[in-house]
Amino acid sequence: MSESTILPLVDEQDMPSEAIGAESGSEDEIVLRLLDCKKKERRGGLSFIGDRPSFSLWSFLKSAVGKDLTRVTMPIHFNEPLSFTQRLVEDLEYADALHAAADCSNSLECLAHVAAFACSCYGAALGRHYKPFNPLLGETFDAVREDRGFAVLTEQVCHHPPVTVMHCIGRKWKLWQEYKLETRFRGNHIRVIPTGMVYLEMGKHRFSWNKPQTTIHNIIIGRLWLDHDGEVVVNNHTTKESATVHFMSYSKQGSNFKKLQGCVRNARGEEKYFLRGAWDEGVKYYATGASASAAKTIWESSVKPPNSSQMFGFTRLAVELNEPPSPSECEYW
């Protein structure tokens, strides 16, 4: 996915009057003016909270063993009240890490913050065992989050195989990604293998990184839980610096499977910073040669809303994603 294929986020004719300046500007300038609009009040929970209905899971799954689950019609009991075009926006739950990265004067520290952001996408994974609805081909979702400092647009650009793209503009950065995945059901677990890449532009710096693989365990018997494994490699294509973060799978680490370990290397491949943490808690970094006790927190997972377990395990951002717009907003969008 290249910048030339990105659709405009907003049409100035459809903007609130307070967001329009005296002179028309570029798309980026328009979005930044939108981000300066007055912050709106947002809901703190779903309008309905209740227990999930019971159903026979095995009667469905026994016919799906070994199949690509993107081509299998799922019972609605598997779903949460979000489309995947919305679910992908949850990658931006901790966009503050990118805001902080943009303010770093040291490119290696900036890279450490970007690597922490790449890990933060999984901070809300615990308790999120339901499947988002498959978007229709051409379905879009957009959100202007003046409170979080970004505006985002997602679109379903391919149905089989499913491909969702996202373009986001922050105050000092742009992020876009092409999310593709492969899924396989293997008896009592499901394997999710992302194949798309994430790209970030921050001033003169250009970054890219991949995503780890995810396994959802105990689909049929036992309590659902998941783990991530693989390497996430973040490359700064401008400076040739890189960061590598290792996600530890349960099969390799046992009870410590949530732990993260990584490092930041300069253009010569020398380790300059170490990264330590857990994908459900946060990430810290410290310079090579320094004590781990001197580590500074880059990203820390936030507490989910009350009754989150009865709201599909939603985070605060997830609760707000499908909030119905106010009548005044409907006039503009």
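Structure first, text after, so check above.
For clarity, every value in this text was computed on a predicted model and none was experimentally measured.

1. A look at the packing of aromatic side chains
Evaluation of the coordinates by the stated rule reveals 11 aromatic pairs. Seen from their ring centres, Phe312 and Phe314 are 5.7 Å apart, and the 35° between their planes marks the pair as tilted. The exposure class assigned to Phe314 is buried, which follows from its relative accessible area of 0%. Each member of the aromatic cluster is reached from another via a ring pair, and the members are Tyr130, Phe312 and Phe314.

2. Regarding the side chain of Asn79
Checked against the element boundaries, Asn79 lands in strand β1 (residues 79-83). Looking at Asn79, the relative accessible area reads 7%, which means it is buried. A distance of 3.0 Å separates a polar atom in the side chain of Asn79 from the backbone oxygen of Lys131. In this structure the side chain of Asn79 is engaged in a polar contact, spanning 3.4 Å, whose partner is the backbone oxygen of Pro132.

3. Notes on the pairing of strand β13 (residues 259-265)
Pairing analysis gives 6 bridges linking strand β12 (residues 241-247) to β13, with the strands arranged antiparallel. Residue pairing for β13: Val245 is matched across the bridge by Gly262. When β13 meets strand β14 (residues 271-278), the two strands line up antiparallel, connected through 7 bridges. Bridged to Leu260 within β14 is Gly277. Here β13 hands over to β14 after 5 residues, with Gly269 in that stretch at a positive phi of 85°.

4. Here's the deal with helix α5 (residues 107-120)
Along its 14 residues, α5 runs 20 Å from first to last C-alpha, staying within 8% of the 20 Å computed at 1.5 Å per residue. With respect to burial, α5 is a largely interior element, 12 of its 14 residues being buried. Among the residues of α5, Leu108, Cys110, Leu111, Ala112, His113, Val114, Ala115, Ala116, Phe117, Ala118, Cys119 and Ser120 are the ones counted as buried. Sitting at the head of α5, Asn106 places a side-chain oxygen 2.7 Å from the backbone nitrogen of Leu108.

5. Remarks on the pattern of salt bridges
Scanning the entire structure with this criterion turns up 18 salt bridges. Notably, a salt bridge pairs Lys172 with Asp103, separated by 2.7 Å at the nearest N-O pair. Taken together, the residues span a long stretch of sequence, with Lys172 in the loop between β5 (163-170) and β6 (174-185) and Asp103 in the loop between α4 (96-102) and α5 at a distance of 69 residues. You'll find Lys172 and Asp103 in the same group, each marked exposed. Each of Arg42, Arg145, Glu146, Asp147 and Glu320 takes part in one network of salt bridges that share partners.

6. Quick look at the nonpolar core
Trp173, Leu175, Trp209 and Val234 are the most contacted members of the largest nonpolar core, which has 67 residues in total. Among the elements that make up this core, the one with the highest residue count is α5 (10 residues). Setting aside chain neighbours within four positions, we find Val234 in contact with Leu111, Val114, Ala115, Ala118, Phe207, Ser208, Trp209, Glu241, Ser242 and Ala243. Among the nonpolar cores identified, the runner-up in size contains 7 residues, and Val31, Leu35, Cys37 and Val144 belong to it.

Conventions adopted
Residues numbered from 1 in each chain as written. Predicted model: local features only at pLDDT ≥ 70, side-chain atom pairs only at ≥ 80, totals over all residues. Heavy atoms only, no water. Phe/Tyr/Trp six-rings, centres within 6.5 Å; stacked < 30°, edge-to-face > 60°. Buried < 20%, exposed > 50% of the residue type's maximum accessible area, 1.4 Å probe, protein only. Helix = DSSP H or I, 4+ residues; strand = E, 2+ residues; numbered from the N terminus. Polar contact = N/O pair within 3.5 Å; in protein donor to acceptor, adjacent residues only side chain to side chain. Pairing = 2+ DSSP bridges. Expected span 1.5 Å × (residues − 1). Salt bridge = Lys/Arg side-chain N within 4 Å of Asp/Glu carboxyl O. Core = buried A, V, L, I, M, F, W, Y, C linked by side-chain atoms within 4.5 Å. Contact = heavy atoms within 4.5 Å.

Function cannot be inferred from these measures alone, as they are strictly geometric.
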